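Analysis of the macromolecular model
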Amino acid sequence: MRYVIWLLLLSVAFAVPAWSQTNLENFETTTSSWPWSPWALANTGTALTQTTTAAHSGTYGMSSAAGTSPWYYRTTPVVGGSAGHKLSCWVMPTSTTGRTYVGFGATASGCYSVVLAPNTSQLLLQNNASWSFADLASAAWTYTSSAWYKIEVEWTSSTAVICRLYNSSSTLLTSVSYNLGSVVSGGVALRSFGAHNIDDIQYLTGPGLSTSTSSLNLGTAYVGQNSTPVSYTVSGFSTTSSTSITAPSNVELSFSQSSGYMDNLNIATTGSWGPTTIWARIKNTAPTGAISGNISHVSSGATTVNVAVSGNVVNPPSLTVNPTSLNLGTTPQGTAGSTFSYS
């Protein structure tokens, strides 16, 4: 009986949330030539090359160093169409040229794609119907050659997506959002040119959190005074527990612009919710100096999302006069007196 109790306690202590991550493609296959099943060619081009120098993890990755690859696609498994689902891929541009496209909603007739585009210094969302292209949304970003980036598309509803760019430390760099207007689910696609390394295409279903920004400038506050509140929004997707929002030192949060500020907020709603507005400001007890740190957003099973804050606390401006008093003397009525000055 004692052992049964201990086993039960251990099962509770090490329980994991009900989410699933699938490695759709790690490019480790060595028994078939690329494209191997279930991938298929959509058009013509120079094939991607399987090589050890392109690996983000494991032994192999794919390289587009040889030229412009065709579109590859697969229709299984079906990904997307539900809030909180994510598709991601690691890409290393070995120069500041070229593009890599990771497609979703793919069929034999085309797809949508998130595009890592060093050649135009952008993160793009495209419609690739009939394997052509039409830009839908973009964000500017200047890439560093020979650095790994993760591009990700997350469904915020059955019809809307947010595309994100992360660095090798999984720090959010920029993002674009778009409502596609209809339910988008389907297969996965891939295309690249300009000497990019590609690896680890993954699909995540389950709890997720997102914020409207990755950074927040709280401005400047005088010692003893709060700064002007600044807002952002947070949303949850398929969450299974409450969401805790915690401010860094010298910062406080509220659901209201005018009152109710505290160090921690809690959103009890589960499932898919939001966007919920959060207000942040510098505390009136903050000392002089720079304000920094992260507002963290935590929910069981979801990747922690941080919003970096910045700001400054300064002494209020001072005013001095010299001398502190003036004797203007005596003068007859109707006659201007002598002139005196102070500074």
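Everything below is about the structure shown above.
How each quantity is defined
- Within each chain, residues carry numbers counting from 1 in the order of the written sequence.
- Only residues with pLDDT of 70 or above have their local features reported here, since the model is predicted, and side-chain atom pairs are shown and tallied only from 80 upward, although totals for entire chains, interfaces and linings are computed over all residues.
- Side-chain figures throughout are based on the complete set of non-hydrogen atoms in the structure, without hydrogens or water.
- Strands are treated as partners if at least two bridges between them are detected by DSSP.
- Working definition: helices are DSSP H or I runs of at least four residues, strands are E runs of at least two. Numbering for both runs from the N terminus.
- Interaxial angle, 0 to 180 degrees, is taken between N-to-C directions of lines fitted to C-alpha atoms, where a helix line uses only the stretch in contact.
- Residues enter a nonpolar core if they are buried and are Ala, Val, Leu, Ile, Met, Phe, Trp, Tyr or Cys, with the set joined through side-chain atoms within 4.5 Å.
- Here the term buried applies to any residue with accessible area under 20% of the maximum for its type, exposed to any over 50%, and partly exposed to those in between, with areas from a 1.4 Å probe on protein chains only.
- We call two residues in contact whenever any of their non-hydrogen atoms come within 4.5 Å of each other.
- Classification of ring pairs rests on two measures: the distance between centres of Phe, Tyr or Trp rings, Trp counted by its six-membered ring, which must be within 6.5 Å, and the angle between planes, read as stacked under 30 degrees, edge-to-face over 60 and tilted in between.

On to the sheet that holds strand β23 (residues 289–299). Strands sit in the order β17-β24-β23-β19-β21 across an open sheet of five strands; the sheet is mixed. Each having just a single partner strand, β17 (215–222) and β21 (264–267) make up the two edges of the open sheet. Adjacent strand axes in the sheet meet at a mean angle of 15°, parallel and antiparallel pairs treated alike. As judged from the six bridges shared by β17 and strand β24 (residues 305–314), these two strands associate in the parallel manner.

Quick look at the nonpolar core now. In this structure, L87, F104, I151 and I201 are the most contacted members of the largest nonpolar core, which totals 38 residues. The dominant element in this core, judged by the number of residues it contributes, is strand β11 (residues 149–155), at four residues. Other than its neighbours up to four places away in sequence, F104 contacts L87, C111, Y112, S113, V114, L125, V153, W155, V161, L180, V184 and G187. Listed in part, the 24 residues of the second largest apolar core include L216, L253, I278 and V309.

So, about the environment of G67. Structurally, G67 can be placed in the loop between β4 (61–63) and β5 (72–80). Judged by its relative accessible area of 22%, G67 is partly exposed. Between the alpha carbons of G67 and P35 there is a distance of 16 Å; along the sequence they are 32 residues apart. If we skip the residues at most four places from it in the chain, G67 touches T46, S192, F193 and G194.

Our focus in this paragraph is the packing of aromatic side chains. The description of an aromatic ring pair rests on the distance of the ring centres and on the angle between the ring planes. Taken as a whole and assessed by the stated rule, the structure comprises ten aromatic pairs. Judged by centre distance (5.1 Å) and plane angle (40°), the rings of W71 and W131 are tilted. Placement of W71 in the loop between β4 and β5 and of W131 in the loop between β9 (122–129) and β10 (134–140) is noted, with a sequence separation of 60 residues between them. Taking relative accessible area as the criterion, W131 reaches 13% and is therefore assigned buried. Ring geometry for Y73 versus W131: centroids 5.8 Å apart, planes at 35°, classification tilted. Remark: W131 occurs in the loop between β9 and β10 and Y73 occurs in strand β5; sequence separation between them is 58 residues. Neither residue differs from the other here; Y73 and W131 are each classed as buried.

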